[in-house]
Amino acid sequence: MKICVIGAGYVGLATGVMFGKLGHEVVCADIDESRVKSVNSGRLPFHEPPLEKELKRLVKAGSLRAVTDTRGAVRDCKFVFICVQTPSLPSGRIDINPVKAATREVGRALRRSEDYKVIVMKSTVVPGTTDSVVKPMLERLSGRKCGVHFGLCMNPEFLQEGTALEDSMEPARIVVGSEDKRSGDLLAALYRPVKAPKVRTDPRSAEMIKYASNTFLATKISYANEIANMCERFGIDSEQVLEAAGMDPRIGRLFLRPGLGFGGSCLPKDVRALRDRARSEGYRSRLLDALLAINEGQPVEGIRLLEKAVGPLRGKRIAVLGLAFKGGVDDIRETRAVPLVTELMARGARVVAYDPMAMDNFISVMPTIEYASSAAECLNGADGCIVQADWPEFKRLGRKEFSKMTNPVVVDGRRCLDPAAVEKAGARYLGIGYAPGRGK
Ligand code: NAD
Ligand code: UGA
């Protein structure tokens, strides 16, 4: 089957590579020429090694290629997946201009094609977008009728960065929200080789399932942070508390790791977008307000711990380890490192920062702070350190590195280090929701 993917980003390339692996012929269309070049030479525009390995193989085998001519690509294919970005506007609403631009190209391509194609919305869009924005645009521009001459589905994506390919090949569920039965049947059949429960529904419900999922994950994190903030004040270690609470299958253990808050290109954006969509119907979501407010406060929680150990920050040299929105990726979209570094600087600290992969991206948004070329160099001469992203290499820091600090204080902003190992290596350990355990 010939498959077109519009948008060669995280979702587009994971989708394209997954269908390529399943034996289909894939063409990825993107307006960014450098991205197209990079894909055609088997290189990903971001750090995701297993996905890149497969991409290389597929490009070499001639079963995946990238183009800038979206209309041409659409004309040649049976399925068209729209995977362009839907970033936040300052109001919290999503910007659907990239979706509209892609839809326009698809609509124009449909005008000149005879066969029945299935158009699939994979970008995260607020409920109502597929049926009340995309569908009328496609019908108007193509002069054809949805459900008769072409099909339209909404098929949200649930992958996590860092495990993009694995998550695409083995998802927890596949949601097929179709406007017409025929396109839903065809899309479900395309996904048949992927072993996962298939949920058949309408496009609005599919759109809402995506938001219900991401806002629940965000709620879990803010809940964990709220409990952790209380635990630390009560002199209790939240790790054991949250682990034991999570043993109840009704609660679940995943996504209960406290820290400096959730970042990334989706959780914050999707919470704000759902809140805005609800507001547009006159509904104020107090839950979404609260979980965003908790999230905003977490970097300050980390700084409070730092000040507890090192005193006022004015003039102090503070090492920030990890700039990506989480360990394992080079993505800095909505990383909590930005509010963290901004607040440290507002309090007069001299910040020195390091990240194994995301440093170049971060330098472009915060060019004026000092950067180190390794974690050890970052700690050298520091009056305190704060871990912002859970990179595995930070777990290997020990006496050799901590002894170079002017004041060996480590604030674990992701609860990814072993407190006993840090203390044994001669540094003072503090962490979000941490209190030394008693009576264990
Ligand atoms: P991205 O920014 O990584 O990639 C989007 C790509 O689309 C870019 O390469 C851009 O050049 C291209 N593009 C923009 N307009 C275009 C057009 N008119 N024609 C062709 N190409 C165009 O975005 P992403 O992270 O892959 O996210 C895409 C969507 O998927 C968003 O709605 C996001 O919320 C959702 N999502 C993302 C993830 C994730 O982990 N990143 C996971 C699930 C869902
Ligand atoms: C998230 C969701 O997990 C995916 O299912 C979803 O498809 C995706 O958003 C999306 O819609 O784009 P991702 O952005 O890759 O995936 O990031 P996560 O792994 O969810 O982490 C988000 C943030 O939460 C990170 O800053 C991370 O450090 C933080 N986090 C995560 C915690 O603070 N505690 C946790 O227990 C888990």
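Residues numbered from 1 in each chain as written. Chains lettered and ligands numbered in written order. Predicted model: local features only at pLDDT ≥ 70, side-chain atom pairs only at ≥ 80, totals over all residues. Heavy atoms only, no water.

Caption draft 1: Broad picture of the overall build of the protein. A count of helical and extended segments in the protein gives 17 helices and 14 strands. Whereas a compact globule of 440 residues would reach a radius of gyration of roughly 22 Å, the protein reaches 24 Å, a difference of no more than 12%. Going through the 440 residues of the protein one by one, you find that 57% of them count as buried. Of the contacts formed within the protein by residues at least 6 apart in sequence, a portion of 73% connects residues at least 24 apart. (Helix = DSSP H or I, 4+ residues; strand = E, 2+ residues; numbered from the N terminus. Rg over C-alpha atoms; globule rule 2.2 N^0.38 Å. Buried < 20%, exposed > 50% of the residue type's maximum accessible area, 1.4 Å probe, protein only. Contact = heavy atoms within 4.5 Å.)

Caption draft 2: Structural detail: the pattern of salt bridges. Across all of its chains, the model carries 31 salt bridges by this definition. One salt bridge connects Glu161 with Arg333, and the closest N-O pair in it is separated by 3.5 Å. Here Glu161, found in the loop between strand 6 (150-154) and helix 7 (164-169), pairs with Arg333, found in the loop between strand 9 (317-321) and helix 13 (337-346); they are 172 residues apart in sequence, far enough to count as distant. As a salt-bridge pair, Lys308 and Glu232 come within 2.9 Å of each other at their nearest N and O atoms. (Salt bridge = Lys/Arg side-chain N within 4 Å of Asp/Glu carboxyl O.)

Caption draft 3: Region of the structure containing the sheet that holds strand 6. Pairing is mixed in the open sheet, where 8 strands are placed in the order 3-2-1-4-5-6-7-8. What marks the edges here is a single partner per strand, and that holds for strand 3 (64-67) and strand 8 (198-201). When the angles between neighbouring strand axes are averaged without regard to direction, this sheet yields 25°. Pairing of strand 4 (residues 79-82) with strand 5 (residues 117-121) involves 4 bridges; the strand directions are parallel. Paired with Ile82 across the strands is Met121, a residue of strand 5. (Pairing = 2+ DSSP bridges. Axes fitted to C-alpha atoms, helices over the stretch in contact; angles between N-to-C directions.)

Caption draft 4: Quick peek at the nonpolar core. Counting 96 residues, the largest nonpolar core has Phe81, Leu321 and Leu344 as the members making the most contacts within it. With 6 residues, the single largest contributor to this core is helix 1 (residues 10-21). Non-local contacts of Leu321, meaning those with residues more than four positions away in its chain, are made with Tyr354, Ala375, Cys378, Leu379, Cys385, Ile386, Val387, Gln388, Ala389, Phe394 and Leu397. Among the nonpolar cores identified, the runner-up in size contains 41 residues, and Ala29, Leu138, Tyr211 and Leu292 belong to it. (Core = buried A, V, L, I, M, F, W, Y, C linked by side-chain atoms within 4.5 Å.)

Caption draft 5: Quick look at the sheet that holds strand 9. The sheet built from 6 strands is open, its strands ordered 11-10-9-12-13-14 with parallel pairing. Each end of this open sheet is capped by a strand with a single partner; those strands are strand 11 (370-371) and strand 14 (428-431). One ladder, built from 3 bridges, connects strand 12 (residues 384-387) with strand 13 (residues 409-412); its direction is parallel. Bridged to Val387 within strand 13 is Asp412. Running over the sheet, helix 12 (residues 286-310) touches strand 9, strand 12, strand 13 and strand 14 and is turned about 160° from strand 13.

Caption draft 6: A look at helix 10 (residues 238-246). Among the residues of helix 10, Ser238, Leu242 and Gly246 are the ones counted as buried. Down the axis, helix 10 shows its buried residues gathered within 60° of arc, on one side only. Those residues of helix 10 hidden inside the fold are in contact with helix 9 (203-234). (Arc of directions from axis to C-beta.)

Caption draft 7: Fine view of the packing of aromatic side chains. Per the counting criterion, the structure on display carries 5 aromatic pairs. Ring geometry for Phe19 versus Phe81: centroids 5.1 Å apart, planes at 35°, classification tilted. Pair noted here: Phe19 is in helix 1 and Phe81 is in strand 4, with a separation of 62 residues, a long-range link. Of the residues examined, Phe81 reaches a relative accessible area of 0% and is grouped as buried. Ring geometry for Tyr429 and Tyr434: centres 4.8 Å apart, planes at 85°, overall edge-to-face. Under the relative-accessibility criterion, Tyr434 is labelled buried at 16%. Taken together through their ring pairs, the aromatic side chains of Phe19, Phe81 and Tyr191 make up a single cluster. A cation over a ring is seen here: Arg173 above Phe158, with NZ or CZ 3.6 Å from the ring centre. The ring centre of Tyr116 lies 3.6 Å from the NZ or CZ of Arg182, which sits over that ring. (Phe/Tyr/Trp six-rings, centres within 6.5 Å; stacked < 30°, edge-to-face > 60°. Lys NZ or Arg CZ within 6 Å of the ring centre and 35° of its normal.)

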